[in-house]
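Topology and contacts: notes
Each chain, written out:
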Amino acid sequence: MVIISVVVALEALALLGAAAWYAFELLTGAPVLTFWGAIFTLGLLLAFSAWLFAVGHFLFRGYRWTRAAALVAQLFVLTIGFPTLSGGLVLQGLAMLIPAFAAIVFLFQKDVVAFASRTGGAAGAL
């Protein structure tokens, strides 16, 4: 559970870093097609980063809904990682694919499923 939570939190940090870089580029006058489209993209990066931080936090606490959310996030990372890898950016592609594969494998481990599927009086299940 800890490994998956750390992977998700690191992905959230990466998105936050991308948002900071994107905002810096906007502030320094990088050309964009539409200003409001760029602001919307920045908002999406920030929103997805916040969402991943929440998923990582509540996954660590054992909430039931977080396994599905973490799986969807990893599938999105795979859809970006494969084209990145095949586009010639091998290190960046592997940096996306290896943690995503590890998180997917760990999400289906018996211990993780049991921890995130607690019911009744056990704390943390939602």
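Heads up: the structure comes first, above all this text.
Read on for an overview of the structure. (Residues numbered from 1 in each chain as written. Predicted model: local features only at pLDDT ≥ 70, side-chain atom pairs only at ≥ 80, totals over all residues. Heavy atoms only, no water.)

Description of the packing of aromatic side chains
Heads up, the condition is: Within 6.5 Å between ring centres, the rings of Phe, Tyr and Trp (the latter by its six-membered ring) count as paired, and their orientation is classed by plane angle as stacked under 30 degrees, edge-to-face over 60, tilted in between. When a residue's accessible area, from a 1.4 Å probe over protein chains only, is under 20% of the maximum for its type it is buried; when over 50% it is exposed; and in between it is partly exposed. Working definition: helices are DSSP H or I runs of at least four residues, strands are E runs of at least two. Numbering for both runs from the N terminus.
The final tally for this structure, using the stated rule, is 4 aromatic pairs. Ring geometry for Phe58 versus Tyr63: centroids 4.9 Å apart, planes at 70°, classification edge-to-face. Take Phe58: its relative accessible area is 26%, and that puts it in the partly exposed class. Take Tyr63: its relative accessible area is 16%, and that puts it in the buried class. Ring plane angle 70° and centroid distance 6.1 Å describe the contact between Phe82 and Phe101, whose orientation is recorded as edge-to-face. Of this pair, Phe82 sits in helix α3 (residues 66–86) while Phe101 sits in helix α4 (residues 90–107), placing them 19 residues apart in sequence. Judged by relative accessible area, which is 38%, Phe101 ranks as partly exposed. Among the aromatic side chains, those forming a connected cluster through ring pairs are Phe58, Tyr63 and Trp65.

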